[in-house]
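What the coordinates show
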Amino acid sequence: MQRDLRLDNVGRRYGLRGPWVLRGIHLTVQPGTLIRIQGPNGTGKSTLLRLLARIDAPSEGRISGAPRTAYVPERFPTALPFTALGYLTHLGTVHGLSRPAATRAALEWLDRFGAAPYARTPMAQLSKGSSQKVAVVQALLAEPELLVLDEAWTGLDTDARAELERAVAERTAGGTTVVFVDHDPRRLAGAPDATYTVRDTGLEQRGDRAPAESDGPRVTVVVRGPTGGQLPADTTRTLVSAEEPTPGTHRLTVPASHSDILLRALLTARPPWHVVSVSQEPTPDHESRR
């Protein structure tokens, strides 16, 4: 199965003869990449995500590739005849899990997002924030090869927003492609492999990785490895910077959202690396206000 997703000269209209929302879009989405889509309201960001998720068909052009895809919409339907757990268990079985395995996975994800207490609450009775957690969990439960997030952080509490950032880091480290839109420019700042701006029905690439001056919170980890040891491959992809101040000692800086992934990779390596220190680095914006 082709996991790359390609948009070749893709366009989408409002209706059959309406104005073009998007036109002439060329985009290749490769496995394991994190892509941010940005642009003013009404420019077609959500339309692009719906095309990537294969929910909408293009009015012209061609979309090729068939990664297993999960999608978190900007507005999640809540008037469903299920409890949160019942809905997620049902989706898990659709994705090929046995019913016990689907229930177990759903409960684990709900617990991660602080939603376990209302697992058996009817969907129609959930608050906006709680239903948004279910929306996120239903996408992660699928273990997708392509995860499409349209304002998925909106409505989540602080802990759940951080948990979603960790989940995105885990997914990309495991080879999943994540494409996201978020109104907060600090969301996953410094982590995306590419950022695209939707403008005048087209798509402009800003370039690989956000420049340092727009980075969000970062964490620096100092580690000491075995003699002649190489850093685990999973640690190098998301590094903002890496130094070796003394032989065998490495100073590694990553976006804060990826720090858990870095530490796990170092501590589970064989032989494991010794973590000397972990520190939060101030953002450039913070430094400029001092």
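Refer to the preceding data block for the structure.
Our subject in this report is the structure included herewith. (Residues numbered from 1 in each chain as written. Predicted model: local features only at pLDDT ≥ 70, side-chain atom pairs only at ≥ 80, totals over all residues. Heavy atoms only, no water.)

With that settled, consider unusual backbone geometry. Phi angles above zero are rare outside glycine, and R54 is one such case at about 65°. Phi at D200 takes a positive value of approximately 55°, unusual for a residue other than glycine. Residue position: D200 is located in the loop between β8 (194–199) and β9 (202–208). Under the relative-accessibility criterion, D200 is labelled exposed at 69%. (Helix = DSSP H or I, 4+ residues; strand = E, 2+ residues; numbered from the N terminus. Buried < 20%, exposed > 50% of the residue type's maximum accessible area, 1.4 Å probe, protein only.)

Within this model, the second largest pocket holds a volume of roughly 250 Å³. Along the walls of the second largest pocket sit 17 residues, with N41, K45, S46, E74 and E151 positioned nearest its centre. Considered class by class, the residues forming the lining of the second largest pocket number 3 nonpolar, 8 polar and 6 charged. (1 Å grid on protein atoms, 1.4 Å probe; cavity = no way out; pocket = protein on both sides within 12 Å on 5 of 7 lines; lining within 4 Å. Points joined across faces, edges and corners; volume = space filled by probe spheres on them. Nonpolar A, V, L, I, M, F, W, Y, C, P; charged D, E, K, R; others polar.)

A few words on the sheet that holds strand β12 (residues 249–255). With respect to topology, 4 strands assemble into an open sheet ordered β11-β12-β10-β13, the strand pairing being antiparallel. Unpaired on one side and paired on the other, β11 (241–246) and β13 (274–281) mark the two borders of the sheet. On average, each strand axis in the sheet is tilted by 20° relative to the strand beside it, whichever way the strands run. Pairing analysis gives 7 bridges linking strand β10 (residues 218–224) to β12, with the strands arranged antiparallel. Opposite V221, over in β12, you have L252 as the bridge partner. (Pairing = 2+ DSSP bridges. Axes fitted to C-alpha atoms, helices over the stretch in contact; angles between N-to-C directions.)

Okay, the sheet that holds strand β1 (residues 5–13) next. The strand order β2-β1-β4 describes an open sheet built from 3 strands, whose pairing is antiparallel. A strand with exactly one partner marks an edge of an open sheet, and here the two such strands are β2 (20–29) and β4 (60–64). Ignoring which end each strand starts from, the neighbouring axes of this sheet average 15° apart. Where β1 and β2 come together, 6 bridges link them in antiparallel fashion. Looking across to β2, one finds that R6 is bridged to T28. Along the sheet face, helix α1 (residues 45–52) touches β1, β2 and β4 and points at about 50° away from the line of β2. (Contact = heavy atoms within 4.5 Å.)

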